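One letter stands for each residue in the lines below.
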2 protein chains.
Amino acid sequence: MSDPLDSLDTDGAADPMAVTPELVRAVTDALDESGPDDALMLVAHLHAADLADMLEALRPDDRHDLIAALGSSLDPEVLADLDEHVRDRVLEDIDPSAIAAAAAELDTDDATYLIEDLGAVAQRQVLEAMPAADRALVEAALAYPDNSAGRLMQRDYVAVPSYWTVGQVIDWLRDSDDLPDEFYEIFVVDPRHRPIGTVPLYRAMRTRRPVAVEDIMQIELHLIAVEMDQEDVAYQFDQYDLASAAVVGSDGRLLGQITVDDVVDVMREEAEEDIHRLGGITAEGDFHLPPLQTVRRRWVWLLVNLITAVIASATIAVFADTIEQIVALAILMPIVASMGGNAGTQTLTVAVRALATRELTAANAARILWKECIVGGTNGLIFAVLAAFVASLWFASPIIGLVIGLAMIINLLVAGAAGMLIPLGLSRAGVDPAISAGILLTTVTDVVGFFAFLGLAKLIIL
Amino acid sequence: MSDPLDSLDTDGAADPMAVTPELVRAVTDALDESGPDDALMLVAHLHAADLADMLEALRPDDRHDLIAALGSSLDPEVLADLDEHVRDRVLEDIDPSAIAAAAAELDTDDATYLIEDLGAVAQRQVLEAMPAADRALVEAALAYPDNSAGRLMQRDYVAVPSYWTVGQVIDWLRDSDDLPDEFYEIFVVDPRHRPIGTVPLYRAMRTRRPVAVEDIMQIELHLIAVEMDQEDVAYQFDQYDLASAAVVGSDGRLLGQITVDDVVDVMREEAEEDIHRLGGITAEGDFHLPPLQTVRRRWVWLLVNLITAVIASATIAVFADTIEQIVALAILMPIVASMGGNAGTQTLTVAVRALATRELTAANAARILWKECIVGGTNGLIFAVLAAFVASLWFASPIIGLVIGLAMIINLLVAGAAGMLIPLGLSRAGVDPAISAGILLTTVTDVVGFFAFLGLAKLIIL
């Protein structure tokens, strides 16, 4: 039997991924053929985040076998790093007491992620099997809304009174057992435990022992309210280049801290949600879902599209007699609709993204709308000439060229305006513009495209 | 005259943004009416990143006036935080010697960002006006490719030999003038200046003075090669939850460090690029571009779409005689094409995103392709029944219902397969799948939709 590691040397060392397709294949082969010990040897060197990727890349049955083989040597961090669909399927195979033991080892935010979507019975079993102190923290986190700062925060942090000296802080840090795994700043609190300043570690380390904390603390604080939405948390970190930030309750008291690594995950998720929604799928994505669950997630959106497509077709039906007389119209009409859809999607994409990054606001909406109308009109002129030229030659009819040219100008102008107004309107109505703007837009550009083209043909040619 | 701050109290304190539409309006009014001093008062309290947002939100002429009013009190960080299009227009108004003074105050990576896109003459002027040491660092950074780790890194970092004690490190930090503004870890280097370990600050602070650095250093290093693409850098930070990382040259020597705040910017940019490309616009976006430059960026893509739309129309032209006999076909055919386009886009979006996050690889491509065919076939069946029902009733013709149903199954099955195969193929060919997958996909679903529907009609009905 050949060494399963042999096949791994082909890929260059430049690949930044530890979990290469070759490694996934080698692990799969080991699990299916040579046995779990070879598979364990192959994954032994992997970082927790990479082992999570490996589990995600495996087929469900192989995943099950690898987890069984890992047994109690499975690092709890691996579970916290799994995609949520995979996490929930993996947890089905693990005993509640083992999940509880894993959760107790994790930071509060990771422990909460681990069990937040478990069924009520299973969640209760896990919580009851956890040490009381950890359980209380996780229960408190679960009481905060999904996607809030309260879910993201760790309850361990370092806070000191302002009259301490740097020397006292250092001595206390050296003696204390109950510190977070990682921290980047020391919060300075008043007697009521409200943050009044912060000392980044790089500043504390450079300061001599007798200096008081209050003399070196930064008083510019970017406090996170515990009920703040995670998207706003990510905005704060991005805007102010934070490595960590204090989370406070409504009374201003320090409750915990959020670190940038959790915010990086949020930023990836939020961007992913926008991309998914623009593509007409649910925000969470369905890459790791089995086929039938995927169908269930997607078909509603296609149903909406069927309805809007029927509406667009009804526009064509109005001109059935015109098409019967000039079949060239039926051939050319998808071009007008398609160009409007694409030009409108360009505008829409910029608008949805600019809303998400808060560049598009009430203050500049009118100016940007005007710009998009100019862009739409200019592109309309360019493509009116091109389409008129193509259509005139194709059907040896300059008048058909004239009709498609005029329809193109109208539709691209409307596309530019609709591409801005639809996301702005949805956003003002409190709806995520990414989720439904695309389908509304193509309905508009299809209806306007068909109506302008066929209507002008009826007016001008017949 | 009323106090320009009056209008700002309407918005709730919950808004995480410092630059509200109300503030932008107040600044605009002040610049246009009451004079620059009122505007300066309004922006005086803003963080550099917020002032950059304010400048981006203003009309070009107001932006010019505000920068003129700020004069030499403008924080260089503001310039480094500007969107690149706005940055380049703002720099046109600033004297090269003033730009040089600003660049000299910034970290190397920010100074490089500031001047990287200046014209050759202006860039030379700025570089020559900079202090020699800063100039050398910026010139070295500019020599690395765009979007490489070399561009992102700061040249200031903290590195110590492994035999030092924690006490020596602390004393050295307290005495040294030449330290980075911010740092989260102390790199441990060998005599040839190659990183052999790292001590996070929170670990150093908790360790007693006599302990040697080599006894507490982490030897698991996530080194960044200086020519690594920034997307791979972001992957490393995200995957391994890094706050900072050492950048090394090809000889393994430590050159600089990258901190997570720069990586957060990269992640936002990369996600934005994917969203923009999927929407058919250039990766950088054009929100801040004037109309005619926006047209120039977008029209090429619309030209490609015109060509593919003509190809789809040519498919219809093949069946011109069939449409002439049954005009209902012209009315219904966009429904089949539209459903295929939307179902395919769902698959495509998941595939493009999964390629970007490296979840879709050669190891699982076959399995996911199979899944998408099942999803496409199932959705095809569902919507075949629905469309057949609608079409049969609408045109009182069960046979037209049968034709649209069969065409729907074919097109949604093809859409699922094409939605996976197109991005996979583009990615294997070394092309960014986000940039051209959408237009290829809708060409496929339009052609197959029209061909299947009209072809089946010709076969079955006529």
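Values in this document were obtained by computation on a predicted structure and should not be read as measured data.

## A short note on the overall build of chain A
Stage number 1. Counting secondary structure elements, chain A contains 22 helices and six strands.
Stage number 2. Computed over its C-alpha atoms, the radius of gyration of chain A comes to 29 Å, more than 25% above the 23 Å expected for a compact globule of 462 residues.
Stage number 3. Summarising its shape, the C-alpha atoms of chain A cover approximately 90 × 65 × 45 Å along the three principal directions.
Stage number 4. Residues counted as buried form 50% of the 462 residues belonging to chain A.
Stage number 5. Restricting to contacts in chain A with at least 6 residues of sequence separation, those with at least 24 account for 68%.

## Focus: the domain arrangement of chain A
All names here are of chain A.
Stage number 1. For chain A, the assigned domains read domain 1 (6-147), domain 2 (159-278) and domain 3 (291-460).
Stage number 2. A separation of 29 Å is found between the C-alpha centroids of domain 1 and domain 2.
Stage number 3. Opposite the five residues of domain 1 that make contact, domain 2 presents six residues.
Stage number 4. Along the lines of polarity and charge, the residues of the side of domain 1 that touches domain 2 split into two nonpolar, one polar and two charged.

## Details of the relation of the copies chain B and chain A
Stage number 1. With an RMSD of 0.0 Å, the operation that places chain B on chain A is a rotation of 180° combined with a shift of 0.0 Å along the axis. Here the symmetry operator amounts to a two-fold rotation axis.
Stage number 2. Of all interface residues in chain B, 99% are interface residues in chain A too; the two copies therefore contact each other through one and the same surface.

## Structural notes on the interface of chain B and chain A
Stage number 1. Contact with chain B, which involves 101 residues of that partner, is made by 100 residues of chain A.
Stage number 2. Here the side of chain B that touches chain A takes 16 residues from helix α19 (residues 328-356) of chain B, the largest share from any one element.
Stage number 3. The class makeup of the residues in the side of chain B that touches chain A is 59 nonpolar, 19 polar and 23 charged.

## Regarding the sheet that holds strand β3 (residues 195-200) of chain A
Residue and element names in this part refer to chain A.
Stage number 1. Spatially, the three strands line up as an open sheet ordered β1-β2-β3, and their pairing is mixed. With partners counted over all chains shown, the strands left at the sheet margins are β1 (159-161) and β3, one partner each. Between one strand and the next, the sheet's axes are offset by a mean angle of 35°, whatever the strand orientation.
Stage number 2. Sheet analysis places strand β2 (residues 185-189) next to β3, joined by five bridges and oriented antiparallel. When the bridges of β3 are listed, V188 appears paired with G197.

## Structural notes on the confidence of the model for chain A
Detailed reading of predicted coordinates is not advised where the pLDDT is low.
All names here are of chain A.
Stage number 1. Of the residues in chain A, 97% have a pLDDT of 70 or more, and the chain-wide mean is 90.
Stage number 2. A low-confidence stretch, residues 1-14 (pLDDT under 50), is modelled with 16 contacts involving residues beyond four sequence positions or located in other chains.
Stage number 3. With pTM at 0.85, the complex prediction returns an ipTM value of 0.85.

## Notes on unusual backbone geometry
Stage number 1. Within the chain, R358 of chain A stands out as a residue other than glycine whose phi angle is a positive 65°.
Stage number 2. The class for R358 of chain A is partly exposed, based on 15 C-beta atoms found within 10 Å.

## Description of the sheet that holds strand β5 (residues 244-248) of chain A
Residue and element names in this part refer to chain A.
Stage number 1. An order of β4-β5-β6 is seen for the three strands of this open sheet, with the pairing classed as mixed. Every other strand in the sheet has two partners, leaving β4 (224-225) and β6 (254-259) as the edge strands with one partner each.
Stage number 2. Relative to β6, β5 runs antiparallel, the two being bridged by five bridges. Each bridged residue has a counterpart across the sheet, and for V248 the counterpart in β6 is L254.
Stage number 3. Packed on one face of the sheet, helix α16 (residues 260-278) meets β5 and β6 and runs near 65° to β6.

## Overview of the packing of α16 of chain A against helix α16 (residues 260-278) of chain B
Stage number 1. Where α16 of chain A meets α16 of chain B, the closest approach of the two axes is 10 Å, and the angle between their N-to-C directions is 5°. The angle between α16 of chain A and α16 of chain B falls in the class roughly parallel. Seen from α16 of chain A, the contacting residues are V260, V264, M267, R268, A271, D274, I275 and L278 of chain A; seen from α16 of chain B, they are V260, V264, M267, R268, A271, D274, I275 and L278 of chain B.
Stage number 2. Split into classes, the residues belonging to the contact of α16 of chain A with α16 of chain B amount to 12 nonpolar, no polar and four charged.

## Section: the pairing of β5 of chain A
Residues and elements named next belong to chain A.
Stage number 1. Burial within β5 is extensive, with five of its five residues counted as buried.
Stage number 2. By the alternation rule, side chains of β5 split into S244, A246 and V248 and A245 and V247, which are all buried.
Stage number 3. Where β4 meets β5, two bridges bridge the pair, whose relative direction is parallel. Bridge pairing in β5 places A225 opposite V248.

## Structural notes on helix α7 (residues 96-105) of chain A
Residues and elements named next belong to chain A.
Stage number 1. Taken residue by residue, α7 has P96, I99, A100, A102 and A103 as its buried positions. In an axial view of α7, the angular spread of the buried residues amounts to 165°, which keeps them on one side of the axis.
Stage number 2. As for α7, its buried residues are in contact with α5 (76-81), α6 (84-92), α8 (108-115), α9 (120-129) and α10 (132-143).

## Focus: helix α19 (residues 328-356) of chain A
For an α-helix, the turn length of 3.6 residues means that residues three or four places apart are oriented alike.
Residue and element names in this part refer to chain A.
Stage number 1. Here α19 is 29 residues long and its end C-alpha atoms lie 43 Å apart, about the 42 Å a rise of 1.5 Å per residue gives.
Stage number 2. With 29 of 29 residues buried, α19 lies mostly within the body of the structure.
Stage number 3. Of the residues trailing α19, R358 is marked for its positive phi of about 65°.

## Quick word on the environment of Q154 of chain B
Stage number 1. You can see Q154 of chain B is positioned in the loop between α11 (149-152) and β1 (159-161).
Stage number 2. When the C-alpha atoms of Q154 of chain B and L462 of chain B are compared, they prove to be 73 Å apart, with 308 residues separating the residues in sequence.

## Let's talk about the packing of α19 of chain A against helix α22 (residues 433-460) of chain A
Residue and element names in this part refer to chain A.
Stage number 1. At their nearest, the axes of α19 and α22 sit 8 Å apart, and the two run at 150° to each other. Classed by the angle they form, the pair α19 and α22 counts as roughly antiparallel. In this structure, α19 crosses over α22, and the sense of that crossing is right-handed.
Stage number 2. Among the residues making up the contact of α19 with α22, the classes are represented as 16 nonpolar, eight polar and one charged.

## Some points on the nonpolar core
Stage number 1. I404 of chain A together with I404 of chain B are the most contacted members of the largest nonpolar core, which totals 223 residues.
Stage number 2. Residues in contact with I404 of chain B, not counting those within four places in the same chain, are L332, V336, A387, A388, A391 and F453 of chain B.

## Description of the environment of K371 of chain A
Stage number 1. The residue K371 of chain A is located in helix α20 (residues 365-394) in this model.
Stage number 2. Residues K371 of chain A and S72 of chain A, 299 residues apart in the sequence, show an inter-C-alpha distance of 61 Å.

## Section: the environment of L302 of chain A
Stage number 1. Take L302 of chain A: it is sitting in helix α17 (residues 291-318).
Stage number 2. Separated by 44 residues in sequence, L302 of chain A and I258 of chain A have C-alpha atoms that sit 39 Å apart.
Stage number 3. When residues no more than four places from it in sequence are discounted, the contact partners of L302 of chain A are M339, N342, A343, N379 and F383 of chain B.

Definitions and cut-offs
Residues numbered from 1 in each chain as written. Chains lettered and ligands numbered in written order. Predicted model: local features only at pLDDT ≥ 70, side-chain atom pairs only at ≥ 80, totals over all residues. Helix = DSSP H or I, 4+ residues; strand = E, 2+ residues; numbered from the N terminus. Rg over C-alpha atoms; globule rule 2.2 N^0.38 Å. Buried ≥ 20, exposed ≤ 12 C-beta atoms within 10 Å, placed from the backbone. Contact = placed C-beta atoms within 7 Å. Domains from an automatic or database assignment. Nonpolar A, V, L, I, M, F, W, Y, C, P; charged D, E, K, R; others polar. Least-squares fit on C-alpha atoms with pLDDT ≥ 70 in both. Pairing = 2+ DSSP bridges. Axes fitted to C-alpha atoms, helices over the stretch in contact; angles between N-to-C directions. pLDDT = per-residue confidence, 0-100. Parallel < 35°, antiparallel > 145°, perpendicular 65-115°, else oblique. Arc of directions from axis to C-beta. Expected span 1.5 Å × (residues − 1). Left-handed = near helix turned anticlockwise from the far one by under 90°. Core = buried A, V, L, I, M, F, W, Y, C linked by C-beta atoms within 7 Å.

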